[in-house]
Each structure stands twice: as C-alpha cells, then as structure tokens.
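Close look at the chain arrangement
The lines below spell out each chain.
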Amino acid sequence: MPDLRRELLRTTFRQHAAGVAVVTAYEERPVGFTSTSLTSVALDPPLISFGVSRSSSSWPAIARTSHVAVHILADDQQELAARFATSGADRFGVGTGWRRGPEGVPVLDGVLGWLVCRIRERVPAGDHRLVIAEVITGSGRTGEPLLYHNGRYRPWPQSSRCRRSCCAA
C-alpha cells in the first residue's frame, strides 16, 4: 500500500519556489549535485545546511570529505543545474567551467556566489543526510537567481529573461 504522505509532501512542495544551488566536493575526483534544500542556519558561527540523498552518487564523497563548496546559480544557468541533477552526467566535462578552490574543492565559474565550507555535522534524516557546514570563505556578485518551482527551473520573475505578462509591469 502506497504511503500517501510522500505524495502529499511531493505535491505540496512542488508549489514552494526554491533557490537553486550546486554543492561540490573533491575526493579523488570532483563530485557535485544540484540542491534546492540549501538554507542559512546561523550567523555566529556562520552555518549553512543542505540535504543529500544517501543514494546520490555524490554521497560517498560528501560522507568522507571535510570541505564542500556551495554555489548559488544565476538565472541563466538552467543547463548547469540540469547537468548536476542528471544521474550519470559528466558534470565536470565540456561546458562546465571550474577550478580547484580553497581546500581543494571545485569552484564553478559564473555563479552568483560561492562559499567554501567545513562540514561540522551529517545528521541522519530518513533516506537523506542533513549536512551542516561552517562558512570559511567565498565570493559573490549581484544578479538574478535561478529558481525551481513546480518541477522546472525558472528565472527570477523580475529578470529581463522573463517575458511573462506578470513580470512586465
């Protein structure tokens, strides 16, 4: 018998617009995944959190590494978000600009902002782990963020790329 609560959660959260981030790490090779669960946790010390599925191809590296990079994607980076969300994709291949950053973590090019963080805790949360990490360093710029809503990536409504009548005012 199916658990109707899972479908309720999925259906309800499809209506919750979320910012899109990519989390990267390095363990023998670069790994990364798209996340819509990124949140600011505290300012003192500066902490962030994100969820990662234990079945994710990136989880083994995240489970063992001490540092990650978190990237806030710009509204024109839908392809990058999709690449890091696709199982089996060559996430760091042609079309992905990146460099080794502080603590050796992959830092993606062209993002609105990136933070290098030291992992403090990995908390069991059902089929996921909630990762809590302390911000060490980073960089950012102004711009419009990429959003995820109702199963699709979308530009920020005030973006010049948004041509819907609700945004033209």
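Here we summarise the structure given alongside this text. Owing to the predicted nature of the structure, the values given are computational and were not obtained by experimental measurement.

1. Let's talk about the overall build of the chain
Secondary structure assignment for the chain yields three helices and twelve strands. Taking 169 residues into account, the globule formula puts the C-alpha radius of gyration at 15 Å, and the chain, at 16 Å, falls close to it. Oriented by its inertia axes, the alpha-carbon framework of the chain measures out at about 45 × 45 × 35 Å. Looking at the chain as a whole, 40% of its 169 residues qualify as buried. For the chain, the proportion of contacts with a sequence separation of at least 24, taken over those separated by at least 6, is 61%. Looking at the chain as shown, the accessible area adds up to about 9900 Å², and 52% of this sits on carbon and sulfur atoms.

2. Considerations on the environment of Pro145
Within the element layout of this structure, Pro145 appears in the loop between β10 (128-140) and β11 (146-149). Each C-alpha atom, one on Pro145 and one on Ser55, is 28 Å from the other, the two residues being 90 residues apart in sequence. Filtering out sequence-adjacent residues up to four positions away, Pro145 remains in contact with Leu73, Ala74, Asp75, Leu112, Pro155 and Trp156.

3. Description of the pattern of salt bridges
Side-chain pairs of opposite charge can arise whenever the charged atoms involved come near each other. Counted by the stated rule, this structure contains six salt bridges. Among the ionic pairs, Asp109 bridges to Arg99, the shortest N-O distance being 3.6 Å. Within this pair, whereas Asp109 is found in the loop between β8 (106-108) and β9 (113-125), its partner Arg99 is found in strand β7 (residues 98-100), the two being separated by ten residues in sequence. When its relative accessible area of 40% is taken as the criterion, Asp109 is described as partly exposed. Residues Arg120 and Glu134 are paired through a salt bridge, measuring 2.8 Å at the closest nitrogen-oxygen approach. On the criterion of sequence distance, the pair formed by Arg120 in strand β9 and Glu134 in strand β10 is long-range, its members being 14 residues apart. Connected through shared salt-bridge partners, Arg118, Arg120 and Glu134 make up one network.

Reading the values: the criteria
- Residues numbered from 1 in each chain as written.
- Predicted model: local features only at pLDDT ≥ 70, side-chain atom pairs only at ≥ 80, totals over all residues.
- Heavy atoms only, no water.
- Helix = DSSP H or I, 4+ residues; strand = E, 2+ residues; numbered from the N terminus.
- Rg over C-alpha atoms; globule rule 2.2 N^0.38 Å.
- Buried < 20%, exposed > 50% of the residue type's maximum accessible area, 1.4 Å probe, protein only.
- Contact = heavy atoms within 4.5 Å.
- Areas by Shrake-Rupley, 256 points an atom, 1.4 Å probe, with all protein chains shown as cover.
- Salt bridge = Lys/Arg side-chain N within 4 Å of Asp/Glu carboxyl O.

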